[in-house]
Each structure stands twice: as C-alpha cells, then as structure tokens.
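# Secondary and tertiary structure notes
Here are the chains, one letter per residue:
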Amino acid sequence: RRKGGRAVRAQPGGAGRGMAAAAFERRVLRRAAEHHYLRVRLELPDGGARPNAAQFKQLVVTALRELHGEVGAALPVDVLTYEEKTLSAILRVISSGLVKLWSALTLLGFYQNRRCAFRVLQTSPFLLALSGNSRELVLD
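Under an unreviewed UniProt entry, the name given to the protein chain is RPP14 protein, and the source organism is Brachypodius melanocephalos. In the Sequence similarities (unreviewed entry) part of its UniProt record, the protein chain is described as follows: "Belongs to the eukaryotic/archaeal RNase P protein component 2 family."

See below:
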C-alpha cells in the first residue's frame, strides 16, 4: 500500500494474513523523452486521389499552419513511415509540440477541397511501442 508517496507494509490482521508483504520498487523517469511518436491514419471518405509521402507531409504542415500559424508550421515533425495504400504514417515530434500537432491533425477537415479526417491511433514516447498493437494480435 502507498501512503504519502512512501511504501507501507501490510498490517497484521489485514487481508494478507500469514503472507509476507510483497516488495515493490517504484521507477520514475528523471528526464522526459525528447520525442513523441504518433501512429496516424488519414481518412478520405469519398475516395479520389491519395496523397504521396511528400503531399502527406505538406498536409501535416498545413494543418499546423491553419491552427497555430507560422510558429506552428515551424514545429519540427518527421514522417518516419508512410503507407500510401492505407494512408497511415508514423510521425515524430518533439515532446513539447505533441499537443500542438495532435490538435492540428484533429481539427483538419479538408484535403484538396474534399472532406478528410486524421485519426490518431497510437501515441508513445517510445517508437518500439508502436511496432505492434495487442488489440489486433491474432494467435494461431
């Protein structure tokens, strides 16, 4: 049990009678991650032309510019992977710009005068965390 940020042993007569108290160790990251990674998907409900990697990156920059102006457009965002078939990508942004990027993508509504929507599927300060999704895991 925890009390005021310190470990406290279970008291005798409690739910764990006759059992040794479980030892645990708390780990806290001292330094925040430099980057955050987002797995995103662009949804184009009416079909039509699909953006290539360069057009996708430009769409991200446009979203930032529309919501946050030139300062937002200057936010360093990298497209690490892009699949034109599924319109999904993994983006890297400095951690201080995560909220700006996420909000800009969420509020973008048009691509080439057609309705569109960005869906943020996953986000993590660790790129490896985006390598798989336990909800889509298929066991043989």
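On to helix α1 (residues 53-73), then. Helix length check: α1 (21 residues) gives 17 Å between terminal C-alpha atoms against 30 Å at 1.5 Å per residue, more than 12% under. Maximal helix bending in α1 amounts to about 120 degrees, located at leucine 67. Residues Phe56, Leu59, Val60, Val61, Ala63, Leu64, Gly72 and Ala73 constitute the buried set of α1. Where α1 is buried, its residues contact β3 (35-43), β4 (77-83), β5 (88-94), α2 (98-107), β6 (110-111) and β8 (117-124). With a side-chain oxygen positioned 3.1 Å from the backbone nitrogen of alanine 54, the residue opening α1 is asparagine 52.

Cut-offs and rules
Residues numbered from 1 in each chain as written. Predicted model: local features only at pLDDT ≥ 70, side-chain atom pairs only at ≥ 80, totals over all residues. Heavy atoms only, no water. UniProt positions renumbered as here; feature names shortened; annotations may be inferred. Helix = DSSP H or I, 4+ residues; strand = E, 2+ residues; numbered from the N terminus. Expected span 1.5 Å × (residues − 1). Bend = angle between axes of the 7 residues up to and from the residue. Buried < 20%, exposed > 50% of the residue type's maximum accessible area, 1.4 Å probe, protein only. Contact = heavy atoms within 4.5 Å. Polar contact = N/O pair within 3.5 Å; in protein donor to acceptor, adjacent residues only side chain to side chain.

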